Amino acid sequence: MFEAKLIQGAILKKILDAIKDLVNEASWDCSSQGMSLQAMDTSHVSLVAVQMKADGFDKYRCDRSVTLGMNLSSLSKILKCAGNDDTITLKAPDDGDKITLVFEAKNESETSEYEVKLMNLDSEYLGIPDTPYSVNVKMPSHKFQRICRDLQQIGDAVTISCAKDSIRFAAKGDLGSGTVNLCQTASADKPEDSVSISMQEPIIQSFALKYLNHFAKATPLSPQVSLSLSPDVPLVVEYSITDDDGSDFGYIRYYLAPKIDENDD
Amino acid sequence: MFEAKLIQGAILKKILDAIKDLVNEASWDCSSQGMSLQAMDTSHVSLVAVQMKADGFDKYRCDRSVTLGMNLSSLSKILKCAGNDDTITLKAPDDGDKITLVFEAKNESETSEYEVKLMNLDSEYLGIPDTPYSVNVKMPSHKFQRICRDLQQIGDAVTISCAKDSIRFAAKGDLGSGTVNLCQTASADKPEDSVSISMQEPIIQSFALKYLNHFAKATPLSPQVSLSLSPDVPLVVEYSITDDDGSDFGYIRYYLAPKIDENDD
Amino acid sequence: MFEAKLIQGAILKKILDAIKDLVNEASWDCSSQGMSLQAMDTSHVSLVAVQMKADGFDKYRCDRSVTLGMNLSSLSKILKCAGNDDTITLKAPDDGDKITLVFEAKNESETSEYEVKLMNLDSEYLGIPDTPYSVNVKMPSHKFQRICRDLQQIGDAVTISCAKDSIRFAAKGDLGSGTVNLCQTASADKPEDSVSISMQEPIIQSFALKYLNHFAKATPLSPQVSLSLSPDVPLVVEYSITDDDGSDFGYIRYYLAPKIDENDD
């Protein structure tokens, strides 16, 4: 028997919003440690990994590890039937072919129960080495979202270049060019507005904005986003998942390989 | 001469919003009692009946009964030109071929006057027997709207089953199944949030969600909706129309026959 | 070197919103007096003229007059990358082929820099005689916008007729007819809500609503709009541009010839 209860059900709704347009079908691996998911996007360019720790749930029971394969857009449709203040409980019997979602409204005599069919999906879990990165930038997630959206007006790719205390996003295209510069800040008052840069060596890499804009759909999950870059390895875009009282619940990480520029100019 | 004035013109705007997508053309029957309309929807599956009592208007004059046939989407377009705080006056001479709508903004030197052509429509008024129903449920209208919208994500039909103190809405389809349970409540504090069930015998019937979602467009008219069910007769979905100070102005009622389930499972 | 800085960058965003759907490409004429633009709309029916005075900018330098031809929809796309509270600076070297836009967020360590390619455009500057008009009406701009939008539901053209102390907008079409009457007011309390009419002789003229609705996109620039009419000359629709402290910064004027009614009725 697998059962996981989340009083702040809205977190689960936001996680699905952050991955459903990128990945069609995926398997949740449920163990006593928690729930996790790893999947390539539909065009096999980027990778998304989600981790929700067992102790982040308000109730968590996983008698033995199970793999719950499902269509994420179906799951997302059903989660849209949950109110933002609903408690959400996931239930799956050990050898069933469906998962049950129970939505309970606060202080209300209303309960909804939805069942989604499970799927058998081929999956291979990629081990991602926990390497140190040349550059790590933490910045407000809404600012990252806005920059990626703005620069997609200009071009298809963004060139990220990072120096000691500033990071630069640049794009060019038919109508001209654009660059956004962010300096490191020290806003101790509002840590969620701060920009902090930790750099071992300067780096300059280009990425497809289409994917970064997909990743930015995780913005509602976290006030800050972390970008990690190193030569010749994929960029990691990480949003930590916290609940309302700020305790760590897990993360959503996106991986995207840099573009190889055929004709440098 | 027919003339009817409504200081809260927004009520008329909401009534049109509640019927214009269901019915293309219909006749308003105007008598000294008030204005009423009865029409089948365009696909001849459901029936809508509207009643606005003469004494609910701020001024009402109907020298002799008239039938005002019109295109409801034209009328709705013109009512969109009225502000939400406008006073609306309807005027029709006894043998004219058009109706005049006058919109007056509060405290403003602005008056608008629109004329809509009248149409001769075949109409037959169906007498609907005022039978007692096996089950009557009163519930928050926004909740009925949300449930119908949510379950249409799952399937085309909803099965409503009613027991002594709870009502259950269920749907199933390709992506799974969903049920919403509501228990009777006694929220004397906020009567508009209460769920009350009056039952002679348990009932279970299925209805096309497409029509229920059309009916739910009347939600802005009333905080509560009433569902009346009996074996072998159409469901009645009723929204009472009240003005700002809560006095009874009339109703909008929708009738929909239950689906006959060919292959029960 | 041309350089113009505007702390309230939102004004420039609003100006572009007011002209970009009407005019594809146009030239800004920059001189020591300020920036101005004059262009026919894409279908060569109406004319738009924009004037921004040099002393309305927070910093303005124009060593010698330059003409900056550009695609206005590209410029508008790039201005959408500026926040509403950003300071915007325009820069163009004397003989360059592009213009640079710098966006600086308030109290933030973020700077964006965009470059747009300039174009060589044929342009002829039409001299518009500064004639007295038979009628001048000043009215709330949002009301003009709403009337033009409402009447386009009814017909393609609006007939504006002006008497001593009232102005009337009328349209008719397949679904009926509509007229809106505004009386002169004297709301000394809220001058932005007042309607004032100055009339030498009564006038009645018809105009294509499609263009008036384009002009009304300037509504966010000014609480009042001025309509000037005379027999046989184009209507002038003028929005004055003011900054937050109310000082005069310039204007945007639209010119539209009256429709010649082939078959009067």
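About the cut-offs
Residues numbered from 1 in each chain as written. Chains lettered and ligands numbered in written order. Predicted model: local features only at pLDDT ≥ 70, side-chain atom pairs only at ≥ 80, totals over all residues. Heavy atoms only, no water. Helix = DSSP H or I, 4+ residues; strand = E, 2+ residues; numbered from the N terminus. Rg over C-alpha atoms; globule rule 2.2 N^0.38 Å. Buried < 20%, exposed > 50% of the residue type's maximum accessible area, 1.4 Å probe, protein only. Contact = heavy atoms within 4.5 Å. Areas by Shrake-Rupley, 256 points an atom, 1.4 Å probe, with all protein chains shown as cover. Phe/Tyr/Trp six-rings, centres within 6.5 Å; stacked < 30°, edge-to-face > 60°. Lys NZ or Arg CZ within 6 Å of the ring centre and 35° of its normal. Buried area = accessible area lost by both parts, 1.4 Å probe. Salt bridge = Lys/Arg side-chain N within 4 Å of Asp/Glu carboxyl O. Polar contact = N/O pair within 3.5 Å; in protein donor to acceptor, adjacent residues only side chain to side chain. Nonpolar A, V, L, I, M, F, W, Y, C, P; charged D, E, K, R; others polar. Pairing = 2+ DSSP bridges.

Q: Describe the overall build of chain A, listing the residues and the values that go with them.
A: For chain A, the count of helices and strands is four helices and 18 strands. A compact globule built from 265 residues should have a C-alpha radius of gyration of about 18 Å, and chain A, at 20 Å, falls within 12% of that. Seen through its C-alpha atoms, chain A measures out along the principal axes to roughly 60 × 45 × 35 Å. A buried classification covers 51% of the 265 residues belonging to chain A. Pairs at least 24 residues apart make up 64% of the contacts formed inside chain A by residues separated by at least 6 positions. When the accessible surface of chain A is totalled, it reaches about 12500 Å², and 46% of it is carbon and sulfur.

Q: An account of the packing of aromatic side chains is needed here, citing residue identities and associated values.
A: Applying the stated rule across the entire model yields 18 aromatic pairs over all chains. Where F103 of chain A meets Y114 of chain A, the ring centres are 5.4 Å apart and the plane angle is 35°; that geometry is what we call tilted. Here F103 of chain A, found in strand β8 (residues 98-104), pairs with Y114 of chain A, found in strand β9 (residues 110-117); they are eleven residues apart in sequence, far enough to count as distant. The class for F103 of chain A is buried, based on a relative accessible area of 1%. In this structure Y114 of chain A comes out as buried when scored by relative accessible area, which is 0%. Between F2 of chain B and Y60 of chain B the ring centres are 5.7 Å apart and the planes differ by 80°, which places this aromatic pair in the edge-to-face class. Taken as a pair, F2 of chain B in strand β1 (residues 2-6) and Y60 of chain B in strand β5 (residues 59-62) lie far apart in primary sequence, 58 residues in all. Accessibility assignment for this pair places F2 of chain B and Y60 of chain B in one class, buried. The structure contains a cluster of three or more aromatic residues connected by ring pairs, namely F2, F57, Y60 and F249 of chain A. Against the face of Y251 of chain C rests R253 of chain C, its NZ or CZ located 3.7 Å from the ring centre.

Q: Now, about the interface of chain C and chain B: what can you tell me, with residues and values included?
A: With 19 residues of chain C in contact, the opposing surface of chain B contributes 15 residues. Of the roughly 1300 Å² buried between chain C and chain B on both sides combined, carbon and sulfur atoms contribute 43%. For E110 of chain B, the salt bridge is made with R146 of chain C, and the minimal N-O distance between the two is 2.5 Å. Joining chain C to chain B, the criterion identifies seven residue pairs in polar contact (both at pLDDT 80 or more). At eight residues, strand β13 (residues 176-183) of chain C tops the list of elements feeding residues into the side of chain C that touches chain B. The residue inventory of the side of chain C that touches chain B, partitioned by class, reads seven nonpolar, eight polar and four charged. Relative to β13 of chain C, strand β9 (residues 110-117) of chain B runs antiparallel, the two being bridged by seven bridges. Within the sheet, the bridge partner assigned to E115 of chain B lies in β13 of chain C and is S177 of chain C.

Distances and angles like these do not, on their own, reveal function.
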